[in-house]
Amino acid sequence: YLFGMLSSGISYYLMLTGVYRLTIDEPYHENQEAEARINYLAYHDDLTGLPNRRRLMQRVEEMIVQSEKDKSRGFSALVIMNINHFKNINDSLGHYAGDLLLQLVSERFQNEVQVNEELFSMGADEFAFLMTERTGVESCLVRASELLRLFETPVQLESGEYHISLSLGMSIHPGDGETAEQLIQ
């Protein structure tokens, strides 16, 4: 009789844990994974995997708040770069080559990101480079010209080597704006 009660109790326990796992635990974890994926897609560029404009806006706002709290953080710079004549590349070589070019440009930038720097994709052929805690405006300008020099060597696509150039605009905080939108414009 005792053995029968013990085996019934174990069976009942195993059944309840199975029901719990199937009705609560697994759906909960699946939901968490789906939410994490949605959050990732909301804040990252699908093609390059870089944080996107929405995340840049958040990050610049955070940087502004931090610099207001601690004035000793120095200067910050936001550099917006775009690939010159990208539309021509897309039109003449096709969208596949254009996508590949964007990925290669992204990789080249990512390999050069240093401490207190972040890279973002702004969509299309635009990239943003956020530099924080700089000692002066001159250090921001020097770093911006280093970024442009990254493309003195050609980019290798499947159809050959291509020399590309970038246009660059830069805003400095404090000085060029007090909101993320002002700095990004």
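Residues numbered from 1 in each chain as written. Predicted model: local features only at pLDDT ≥ 70, side-chain atom pairs only at ≥ 80, totals over all residues. Heavy atoms only, no water.

Asker: Can you lay out the nonpolar core for me, pointing to particular residues and giving the numbers?
Answerer: One finds Met81, Ile83, Leu101, Val105, Phe109, Phe127 and Phe151 to be the most contacted residues of the largest nonpolar core, which totals 26 residues. Broken down by secondary-structure element, the contributors of at least two residues to this core are strand 1 (75-83), helix 3 (86-93), helix 4 (95-110), strand 3 (126-134), helix 5 (137-149), strand 4 (155-157) and strand 6 (166-173). At five residues, the largest contribution of residues to this core is made by helix 4. Aside from chain neighbours lying at most four places away, what touches Ile83 is Leu101, Leu102, Val105, Asp125, Phe127, Ser165 and Leu166. In this structure, Leu56, Met63, Ile64 and Ile184 belong to the second largest nonpolar core, which totals 13 residues. (Core = buried A, V, L, I, M, F, W, Y, C linked by side-chain atoms within 4.5 Å. Buried < 20%, exposed > 50% of the residue type's maximum accessible area, 1.4 Å probe, protein only. Helix = DSSP H or I, 4+ residues; strand = E, 2+ residues; numbered from the N terminus. Contact = heavy atoms within 4.5 Å.)

Asker: So, helix 2 (residues 53-69): which residues are in play, and what are the values?
Answerer: For helix 2, with 17 residues, the first-to-last C-alpha span of 24 Å sits near the 24 Å given by 1.5 Å per residue. Close packing links the buried residues of helix 2 with strand 1, strand 2 (117-123), strand 3, strand 6 and helix 6 (180-184). Capping the start of helix 2 is the job of one residue whose side-chain oxygen sits 3.2 Å from the backbone nitrogen of Arg54: Asn52. (Expected span 1.5 Å × (residues − 1). Polar contact = N/O pair within 3.5 Å; in protein donor to acceptor, adjacent residues only side chain to side chain.)

Asker: Could you give an account of helix 4, with specific residues and numbers?
Answerer: The terminal C-alpha atoms of helix 4 lie 22 Å apart, and with 16 residues this matches the ideal 22 Å at 1.5 Å per residue to within 8%. Burial in helix 4 covers these residues: Ala97, Gly98, Leu100, Leu101, Leu102, Val105, Ser106 and Phe109.

Asker: Residues and numbers for the packing of aromatic side chains, please.
Answerer: The final tally for this structure, using the stated rule, is three aromatic pairs. A ring pair is formed by Phe109 and Phe129, whose centres lie 6.4 Å apart and whose planes are at 50 degrees; its orientation type is tilted. Here the residue Phe109 occupies a position in helix 4, and Phe129 occupies one in strand 3, the gap between them amounting to 20 residues. Per residue, the accessibility class of Phe109 equals that of Phe129, and both read buried. An aromatic cluster is present here, built from Phe109, Phe127, Phe129 and Phe151 joined pairwise through their rings. The aromatic ring of Tyr43 is capped on one face by Arg54, whose charged end is 6.0 Å from the ring centroid. (Phe/Tyr/Trp six-rings, centres within 6.5 Å; stacked < 30°, edge-to-face > 60°. Lys NZ or Arg CZ within 6 Å of the ring centre and 35° of its normal.)

Asker: With reference to specific residues and values, describe a nonpolar patch on the surface.
Answerer: Together, Leu6, Ile10, Tyr13 and Leu14 give the surface a local cluster of nonpolar side chains, amounting to about 450 Å² of exposed area. Structurally, Tyr13 can be placed in helix 1 (residues 2-43). (Patch = residues over 30% accessible without salt bridge, like charges linked within 9 Å, V, L, I, M, F, W, Y side chains within 5 Å. Areas by Shrake-Rupley, 256 points an atom, 1.4 Å probe, with all protein chains shown as cover. Salt bridge = Lys/Arg side-chain N within 4 Å of Asp/Glu carboxyl O.)

Asker: Which residues make up unusual backbone geometry, and what are the values?
Answerer: Negative phi is the rule for most residues except glycine; trans is the rule for most peptide bonds. Following His173, the chain continues to Pro174 via a peptide bond in cis, the omega torsion being 0 degrees. Mapped onto the elements, Pro174 comes out in the loop between strand 6 and helix 6. In the Ramachandran plot, Ala124 falls in the positive-phi region, its phi being about 50 degrees despite a non-glycine side chain. Position of Ala124 relative to the elements: it lies in the loop between strand 2 and strand 3. Exposure remark for Ala124: the relative accessible area of 65% places this residue in the exposed category. Notably, Glu133 is not glycine yet its phi reads approximately 55 degrees, a positive angle. Structurally, Glu133 is set in strand 3.

Asker: Which residues make up the packing of helix 3 against helix 4, and what values go with them?
Answerer: Look at helix 3 against helix 4: their axes get within 6 Å of each other, and the N-to-C directions meet at 135 degrees. One element, helix 3, and the other, helix 4, form an angle in the oblique class. Of the residues in helix 4, those touching helix 3 at Phe86, Ile89, Asn90 and Leu93 are His95, Ala97, Gly98, Leu101 and Leu102. Across the contact of helix 3 with helix 4, the residue classes break down as six nonpolar, three polar and no charged. (Axes fitted to C-alpha atoms, helices over the stretch in contact; angles between N-to-C directions. Parallel < 35°, antiparallel > 145°, perpendicular 65-115°, else oblique. Nonpolar A, V, L, I, M, F, W, Y, C, P; charged D, E, K, R; others polar.)

Geometric values such as these leave the question of function open.
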